[in-house]
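Next come the chains, spelled out residue by residue.
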Amino acid sequence: MFKSEKLAQNIRQMIENGAWKAHDKLPSLREQTELSGYSLMTVLNAYQVLESQGLVYAKDKSGYYIAERPQTYNSKEPAVQIGLNSKIKINSVVFNYLKSLQTPNIAPFGSAFPNAELLYNSRFMQILAQHSKRKSSYSHQNHMPPGNQELRQLIANRYQLQGINCTSDDIVITSGALEALNLSLQALTQPGDFILLQQTIFYGAWQAAERLGLQVITIPEHPHFGFDLESFEQALKQYPIKVCWLMLNVHNPIGFTVNSEIKQRIAELLNEYQV
């Protein structure tokens, strides 16, 4: 069980035992961090899980509060867990988290940034200097956007071999996958549009949604299959979702890969609801 899930479970148990009443305020993120010993990101994830389950609700610039319990609530048969996040403020949390990783006595196993000693050691820099003297400049005009023509042609050929009809003119080379995803969202959405994310997802997806002023619907992970089809279909029925940003292969940060049958069903639902 992940730390955020364990914390959410502990808080849920306290709510069910009556430790908090409806509309009582939960400890702030920082207070809960001090109480539990977990990181700020872990506490935030736990609170968001509880919010998606309808156990707590958030007030802008105030914090999280205990939600009223409906009379029909049955803990043995939980409702489909869909979260609505209309006002996203994740950047400050992410930057505080990344800043905390800079502490010398912390080994950041979850960091995407390699140790600087690996990148900038003297031998590696010497090899780079040698090659830079032998290679011609790469700043030719044909390497400007949309990218190198030969590379785009190779990519288009691979798509063709997989039965996808495209040409090199359909390909744009970006400086990384995250830039490609950001450009895709920017091209397909407008501020206020609904997009769908998995509940636990790479924080860059949340940052992109915040920057573009989007409303985010989240669905939980399935404990066995990785992707909850029931919640997914319910979200498509309930909200006018414009785009789904899904990680189905080697999910970051959880790591699961969704099987082909579930991927096929996802494609069928997206076609049915014209997403």
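Description of the structure in this document. (Residues numbered from 1 in each chain as written. Predicted model: local features only at pLDDT ≥ 70, side-chain atom pairs only at ≥ 80, totals over all residues. Heavy atoms only, no water.)

## What to know about the packing of helix α1 (residues 3-16) against helix α3 (residues 40-52)
Phase 1 of the analysis: Across the interface, α1 lies against α3 with an axial gap of 8 Å and an inter-helix angle of 55°. It follows that α1 is oblique to α3 by the angle criterion. The chirality of how α1 crosses α3 is right-handed. Listed contacts from α3 to K3, S4, L7, A8, I11 and R12 of α1 are T42, V43, N45, A46, Y47, V49 and L50.
Phase 2 of the analysis: Taken together, the residues of the contact of α1 with α3 sort by class into eight nonpolar, three polar and two charged. (Axes fitted to C-alpha atoms, helices over the stretch in contact; angles between N-to-C directions. Helix = DSSP H or I, 4+ residues; strand = E, 2+ residues; numbered from the N terminus. Parallel < 35°, antiparallel > 145°, perpendicular 65-115°, else oblique. Left-handed = near helix turned anticlockwise from the far one by under 90°. Contact = heavy atoms within 4.5 Å. Nonpolar A, V, L, I, M, F, W, Y, C, P; charged D, E, K, R; others polar.)

## Remarks on the sheet that holds strand β6 (residues 241-245)
Adjacent strands of a sheet form backbone hydrogen bonds with each other and so pair up, either parallel or antiparallel.
Phase 1 of the analysis: A sheet is described by the order of its strands in space; here four strands give the open sequence β3-β5-β4-β6, paired in mixed fashion. Edge positions in the sheet fall to β3 (83-85) and β6, since each has one partner strand and no second. On average, adjacent strands in this sheet sit at an angle of 25° to one another, irrespective of strand direction.
Phase 2 of the analysis: Note: strand β4 (residues 194-198) against strand β5 (residues 215-219), five bridges, orientation parallel. Counterpart to L197 in the pairing with β5 is T218. (Pairing = 2+ DSSP bridges.)

## A word on the pairing of β4
Phase 1 of the analysis: Most of β4 sits out of view: five of its five residues are buried.
Phase 2 of the analysis: Here β4 shows two buried faces, one formed by F194, L196 and Q198 and the other by I195 and L197.
Phase 3 of the analysis: Following the chain from β4 across helix α9 (residues 203-212) to the adjacent parallel β5, one finds a crossover that is right-handed.
Phase 4 of the analysis: One ladder, built from four bridges, connects β4 with β6; its direction is parallel. From the neighbouring strand, I195 faces β6, where its bridge partner is V243. (Buried < 20%, exposed > 50% of the residue type's maximum accessible area, 1.4 Å probe, protein only. Right-handed = clockwise from strand over helix to strand, strands pointing away.)

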